[in-house]
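Breakdown of the fold
As a plain string of letters, each chain reads:
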Amino acid sequence: MKLLYCFLALLFFLGAECVPIETPDQPERSRFVIRAPSGWAYRTFKGNNGLIGVLWPKGTSFNDCDTAVFVFIQDFNEPFLPEVPENGHLFREKCPKSEFKFADTEDDQNQTLSIEEKYFTGLCGRTEVMFEEKVKNFRIITVLASSFYVSDDLFDDVKYIVSAYKAEIEDSLGITKKKPKKNSSKIRDAYEKERDSGKKTTENVRDEKDDQPVFED
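What counts and what doesn't
Residues numbered from 1 in each chain as written. Predicted model: local features only at pLDDT ≥ 70, side-chain atom pairs only at ≥ 80, totals over all residues. Heavy atoms only, no water. Helix = DSSP H or I, 4+ residues; strand = E, 2+ residues; numbered from the N terminus. Buried < 20%, exposed > 50% of the residue type's maximum accessible area, 1.4 Å probe, protein only. Contact = heavy atoms within 4.5 Å. Areas by Shrake-Rupley, 256 points an atom, 1.4 Å probe, with all protein chains shown as cover. Pairing = 2+ DSSP bridges. Axes fitted to C-alpha atoms, helices over the stretch in contact; angles between N-to-C directions. Disulfide = S-S within 2.5 Å. Phe/Tyr/Trp six-rings, centres within 6.5 Å; stacked < 30°, edge-to-face > 60°. Lys NZ or Arg CZ within 6 Å of the ring centre and 35° of its normal.

Examining the overall build of the protein chain
Looking only at helices and strands, one finds 6 helices and 7 strands in the protein chain. In sequence order, the protein chain lays out its α and β elements as α-β-β-β-α-β-α-α-β-β-β-α-α. The burial tally for the protein chain puts 43% of its 217 residues in the buried class. By sequence separation, contacts in the protein chain at least 24 residues apart represent 55% of the contacts at least 6 residues apart. Split by element, the accessible area of the protein chain, about 13,100 Å² in all, is 50% carbon and sulfur.

As structure tokens, this is what we get:
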């Protein structure tokens, strides 16, 4: 019996190839470094026009999270934008009823248009919080989408993400400003609390029952 076991083991090791874990030679990274608040997992992507970063609460994964932050960028100096925003399929996978689109110069200068009207079609989640920051020719569009209402801590984390990307782009353009600081985050506890309680904050929230959306411009 022992001889049979050894023989089968030998066949296994001789006949099976060990497949290594795939490790890219050049990891996919955005040229703009993200400083994520504690409590967030994240991934960044190459690209000048489209999705460059996603974040989700630690303890979940991007595939199964109910709350996520998407960071898009648009460079208005580009003479020709890609027909499809770079990495846009990842946003559509999480938000199949919504889609990111590029804003044209006319829309960008129209102060009456909301962020959603300029950059998005359709809705994502029960709650949406949107920010737009302009740094010279760059537009940074950040979206929090959630199946739940957002807490103050969650809202503060997203504001920090927005300011961190803005500071990073300013640094890359030689615009020296003080970088944002954030000592700690209670995002994981806040996320779980909001998921259980369904509490609604009072501003910058789009609720499915609201007649008019309110956005942070």
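Topic: the sheet that holds strand E7 (residues 138-146)
Read across the sheet, 5 strands follow the order E1-E2-E3-E7-E6 without closing on themselves; strand pairing throughout is antiparallel. The sheet terminates laterally at strand E1 (40-44) and strand E6 (127-135), the two strands that pair on one side only. On average, adjacent strands in this sheet sit at an angle of 15 degrees to one another, irrespective of strand direction. Note that E6 and E7 share 9 bridges and pair antiparallel. Residue Val129 lies in a different strand from E7, and its bridge partner there is Leu144.

Notes on the state of the cysteines
A complete count under the given rule lists 1 disulfide for this structure. The disulfide partner of Cys95 is Cys124, and the gap between their sulfur atoms is 2.0 Å. Linking Cys95 and Cys124, the disulfide has an S-S dihedral of approximately -65 degrees and is accordingly described as left-handed. Here Cys95 is found in the loop between helix H2 (88-94) and strand E4 (99-100), whereas its partner Cys124 is found in the loop between strand E5 (120-121) and E6, with 29 residues between them in sequence. The same class applies to Cys95 and to Cys124, which are both buried. Take Cys65: it sits in no disulfide, and the sulfur closest to it among the cysteines is that of Cys95, at 9.2 Å. Exposure remark for Cys65: the relative accessible area of 6% places this residue in the buried category.

A few points about the packing of aromatic side chains
Scanning all chains against the criterion turns up 11 aromatic pairs. With a centroid separation of 5.7 Å and 75 degrees between ring planes, the pair formed by Phe72 and Phe120 is classed as edge-to-face. Taken together, the residues Phe72 in strand E3 (residues 67-75) and Phe120 in strand E5 connect sequence positions 48 residues apart. Residue class for Phe120 comes out buried when judged on its relative accessible area of 5%. Geometry around Phe62 places Lys94 over its ring, the cationic atom sitting 5.7 Å from the centre. Residue placement shows Arg126 over the ring face of Tyr149; its charged tip is 5.5 Å from the ring centre.

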